[in-house]
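Survey of secondary and tertiary structure
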Amino acid sequence: MARFATEVAFDRRSASPYRLLPFRFSKLDSQRYVASNLVGEYLVLYRSVIEDLTRHRLTPQTDVYKDLASKHFLIDADSDVAADLLALKMRTRTERLAEFTGLHLFVVTLRCEHSCPYCQVSRQNIDTDLTFDMSEDTANKAIDLVFRSPAQHLKIEFQGGEPLLNFPLIRHIVVRAKAINEASHQRDLQFVIATNLAPLTDDILAFCKEHDVVISTSLDGPRDLHNRNRPRPGRDSYERAVDGIARVRSALGHDRVSALMTTTKESLSRPRDIVDEYVRQGFDSIFLRPLSPYGFAVKTKSYAAYDVDAWLAFYKEGLDHILELNRNGVRIAESYASIILSKMLTPFNSGYVDLASPAGIGIGALLYNYDGGVYASDEARMLAEMRDETFRLGNVHTDSYDELILSDSLLDPIEESMTVSAPMCSDCAFEPYCGAEPVFHHATQGDFLGRKPTSTFCHRNMALFRHLIQLMEGDREVRHLFRSWAAKG
Ligand code: SF4
């Protein structure tokens, strides 16, 4: 009959100078592993080191022991100080949860004069009636909900369609929200308009200057690519965007306008041109974004036009080019890398909603649609455009703040998608940098949690985490540059 060994045989700690703290490890390449701890500090280790560590064979005099101790993978057997420090870092990292719902998205109209095939919103024609504009009454109810959020820092972002086509309502919301804030709340209140800049006027700029409103626009690359991606009457989307950027800078200041790009099939062969266009336009960051599986992008088959590996090749070439520019003294960072690097290299967590667990839906952002519908995120609204109302939390006219925030439509996906307990994620060394994304997984796999071995979200992000670590490990100069990017993330 088989016998168990005695208790002492299992208790390696009794003879060991150290105790292990929780950590996970995943393969980096054929020889090395990435080990990460609860707060996202990581080390690249050979397999033999991981074996020595877990079998308590390391000795305190070695460099690797000191590295592991300083990064909280092990603690000296006779000390609890490091455990307290780890707890403090954990607290700093999860601090954002207290800043509940800082971002409030107002869809003031679905009308738009562009007809971008990848658009994630079912935009309405510019000359249709105003059925797809938000009313003042709806906006007022939404403003009341904004101030029910406990966050000290509140940002109201206007979206569309093209929000400037309903500028009178933007004007109303800004003035009213500021008045309510000054009278009763004294929060840090900011406003952003996400616009293609085509309908920009001097009056709009004067208002933005008076009320400290910032602008976020779209720039997909050089003229030919941008105009091809973003058709509008006159085929002058690029000219209007670039002219608008210059006017915003001259009226409001250089850093009061930022830009976002979307990668289409036509963009894939041109990452360098796209980056160069951002440099030419004076931006110090670029967000190399893939397409999302929602709205028009699916209807027009734009989303299916390329796969994750094609996008990864595009991203890596773009990143290489950006690093080359940095080495030559040009200041530009890639935004997605900056967000990930801040999680890898600093104790902070930017709270970027697509890379958050618990998921950023509701917690990070709420969206008020033109008709009063309240959604858990921008993507949730896009999904609703495809007649999937899974993430609709209620309506500003019929539901209270508590009913919206405590609705099953919000709590179920958050609870079911936590990465710390998800199969595969719970063993993944990249989990501290990753996110839950229940809307994406519901849209692509019909499941809040998602099946990670076949998830394109997992495939894309895991490849990026590995790539960023490999770049840092292979080149001290890159590591130095990435530290400066992390500060922006
Ligand atoms: S989604 Fe993939 S990369 Fe992200 S934590 Fe889960 S297993 Fe790791």
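Residues numbered from 1 in each chain as written. Predicted model: local features only at pLDDT ≥ 70, side-chain atom pairs only at ≥ 80, totals over all residues. Heavy atoms only, no water.

A closer look at the pattern of salt bridges
As a reminder, the rule being used: By definition here, a salt bridge exists when the distance from a side-chain nitrogen of Lys or Arg to a carboxyl oxygen of Asp or Glu is within 4 Å. Runs of H or I in DSSP of at least four residues are treated as helices and runs of E of at least two as strands, each being numbered from the N terminus. Here the term buried applies to any residue with accessible area under 20% of the maximum for its type, exposed to any over 50%, and partly exposed to those in between, with areas from a 1.4 Å probe on protein chains only.
Tallying each qualifying case throughout the model produces 27 salt bridges. For the salt bridge of D378 with R381, the shortest nitrogen-to-oxygen distance reads 3.0 Å. Of the two residues, D378 and R381 are both situated in helix α14 (residues 378-385); the distance of three residues between them amounts to about one turn of the helix. Exposure class is identical for D378 and R381. Each is buried. Where E389 meets R392, a salt bridge forms, and the shortest distance between an N and an O atom there is 4.0 Å. By relative accessible area, E389 is classed as partly exposed at 39%. One salt-bridge network, in which partners are shared between bridges, spans E113, R232, D236 and R240.

Notes on empty space enclosed by the protein
Where we set the bar: A cavity here means a set of points on a 1 Å grid, drawn over the protein atoms and nothing else, where a 1.4 Å probe fits but cannot get out; a pocket is an open set with protein on both sides within 12 Å along at least five of seven lines, and a residue lines either one if it has an atom within 4 Å of a point. Grid points are joined across faces, edges and corners, and a volume is the space filled by probe spheres set on the points. Here the term charged refers only to Asp, Glu, Lys and Arg, the term nonpolar to Ala, Val, Leu, Ile, Met, Phe, Trp, Tyr, Cys and Pro, and the term polar to all other amino acids, Gly among them. Here the limits of each domain have been adopted from an automatic or database domain assignment.
Evaluation of the coordinates by the stated rule reveals two cavities of 30 Å³ or more. In this structure, the largest cavity occupies an estimated 130 Å³ of space. Split into classes, the residues belonging to the lining of the largest cavity amount to nine nonpolar, three polar and two charged. What the second largest cavity holds in volume is close to 70 Å³. Tallied by class, residues from the lining of the second largest cavity come to five nonpolar, two polar and three charged. Split by domain, the lining of the second largest cavity shows at least three residues from each of two domains, domain 2 (99-320 + 348-405) and domain 3 (419-476).

What about the environment of V374?
This is how it is decided: Working rule for contacts: check all heavy atoms of both residues, and any pair within 4.5 Å makes them a contact.
Locating V374 in the fold gives a position in strand β17 (residues 373-375). For V374, a relative accessible area of 0% gives the class buried. Considering only alpha carbons, one finds V374 and R32, 342 residues apart in sequence, at a separation of 46 Å. Sequence-distant contacts of V374, defined by excluding residues within four places in its chain, comprise L366, L367, Y368, F391, R392, L393, G394, N395, V396 and L404.

What about the side chain of E334?
So the rule is basically this: Polar contact criterion, stated in full: a pair of N or O atoms within 3.5 Å, where within protein one must be able to donate a hydrogen and the other to accept it, and residues adjacent in sequence count only if both atoms are side-chain atoms.
Tracing the backbone through its elements, the reader meets E334 in strand β15 (residues 333-334). A polar contact of 2.8 Å, which involves the side chain of E334, links it to the backbone nitrogen of L288. Setting aside anything within four residues of it in sequence, one finds E334 in contact with I286, F287, L288, Y315, L319, I322 and W485.

A closer look at the nonpolar core
Heads up, the rule is: Throughout this description, the term nonpolar core refers to a set of buried Ala, Val, Leu, Ile, Met, Phe, Trp, Tyr and Cys residues connected via side-chain atoms within 4.5 Å.
Judged by nonpolar contacts, the single largest core of 119 residues is most densely connected at F106, F158, M344, Y368 and F482. Ranked by residues supplied to this core, first place goes to helix α18 (residues 456-474) with 10 residues. Among residues more than four places away in sequence, those in contact with F482 are L323, L341, L345, L468, L471 and M472. Counting 14 residues, the second largest nonpolar core, distinct from the first, contains Y18, Y33, V49 and L53.

Observations concerning the side chain of R232
Looking at where R232 falls in the secondary structure, it is placed in the loop between α8 (223-229) and α9 (237-252). Take R232: its relative accessible area is 13%, and that puts it in the buried class. A distance of 2.8 Å separates a polar atom in the side chain of R232 from a polar atom in the side chain of D236. Among residues more than four places away in sequence, those in contact with R232 are E113, H114, A198, S237 and R240.

Observations regarding the sheet that holds strand β4 (residues 42-46)
Here is the rule we go by: One bridge is not enough; two strands pair if DSSP finds at least two bridges between them. In this description, a line fitted to the C-alpha atoms serves as the axis of each element, helices being fitted only across the stretch in contact, and the angle between N-to-C directions of two axes falls anywhere from 0 to 180 degrees.
The strand order β2-β3-β4 describes an open sheet built from three strands, whose pairing is antiparallel. Each edge of the sheet is formed by a strand with only one pairing partner; in this case those strands are β2 (23-27) and β4. Mean inter-strand twist for the sheet, computed between neighbouring axes without regard to direction, equals 30°. Sheet analysis places strand β3 (residues 32-37) next to β4, joined by five bridges and oriented antiparallel. Following the sheet pairing, R32 is matched in β4 by Y46. On top of the sheet, α18 reaches β2, β3 and β4; it is set at about 75° to β4, its chief contact.

Details of the packing of helix α10 (residues 271-280) against helix α12 (residues 308-327)
We apply this condition: Working rule for angles: under 35 degrees goes down as roughly parallel, over 145 as roughly antiparallel, 65 to 115 as roughly perpendicular, anything else as oblique. Throughout, a crossing is termed right-handed when the near helix is turned clockwise from the far one, and left-handed when it is turned anticlockwise from it by less than a right angle.
Direction vectors running N to C along α10 and α12 enclose 45°, while the axes themselves pass 8 Å from each other. Relative to α12, α10 is oriented oblique. Considering only the axes of α10 and α12, their crossing is right-handed. Across the interface between the two elements, P271, R272, I274, V275, D276 and V279 from α10 touch F314, E317, G318, H321, I322, E324 and L325 from α12. The class makeup of the residues in the contact of α10 with α12 is seven nonpolar, two polar and four charged.

Some details on the site of the ligand
This is how the line gets drawn: Near residues are defined by distance, with any heavy atom within 4 Å of the molecule or strand qualifying the residue.
Near the ligand you find M424, C425, C428, E431, C434, K452, C458 and M462, and these make up its full shell. For the shell around the ligand, the residue count by class is six nonpolar, no polar and two charged.

A few points about the sheet that holds strand β6 (residues 103-107)
Strand order in the open sheet formed by nine strands is β14-β12-β11-β10-β9-β6-β16-β17-β18, with mixed pairing between adjacent strands. Only two strands of the sheet have a single neighbouring strand rather than two, namely β14 (288-289) and β18 (392-395). The sheet contact formed by strand β11 (residues 213-218) and strand β12 (residues 257-262) spans four bridges and is parallel. Paired with T217 across the two strands is A259, which belongs to β12. Strand contacts of helix α6 (residues 167-185): β6, β9 (153-159) and β10 (188-194), with the helix running at about 170° to β10, the strand carrying the most contacts. Packed on one face of the sheet, α14 meets β6, β9, β16 (365-368) and β17 and runs near 125° to β17.

Focus: the layout of surface pockets
Size it by volume and the second largest pocket reaches roughly 430 Å³. Surrounding the second largest pocket, 23 residues form its lining, L38, M90, S357, V420 and E431 being those nearest its centre. When contributions to the lining of the second largest pocket are tallied by element, the ones reaching two or more residues are β2, β3 and α4 (81-93).

Considering the domain arrangement of the protein
Put simply, the rule reads: Put simply, buried area is the surface a 1.4 Å probe can reach on two separate parts but cannot reach once they are joined, added for both.
Segmenting the protein into domains produces domain 1 (22-94), domain 2 (99-320 + 348-405) and domain 3 (419-476). One C-alpha centre belongs to domain 1, the other to domain 3, and the line joining them spans 21 Å. Counting residues at the interface gives 15 residues for domain 1, matched by 14 residues for domain 3. Carbon and sulfur atoms make up 51% of the area that domain 1 and domain 3 hide from each other, which totals about 1,200 Å². Looking only at domain 1, the three residues that lose the most surface to domain 3 are R24, L28 and Y42, adding up to 48% of its buried area. Summed over the shared surface of domain 1 and domain 3, the number is one salt bridge. Note that E431 is salt-bridged to R24, the shortest N-O span being 2.9 Å. Run the count over domain 1 and domain 3 and you get nine residue pairs in polar contact (both at pLDDT 80 or more). Those elements giving two or more residues to the side of domain 1 that touches domain 3 turn out to be β2, β3 and β4.

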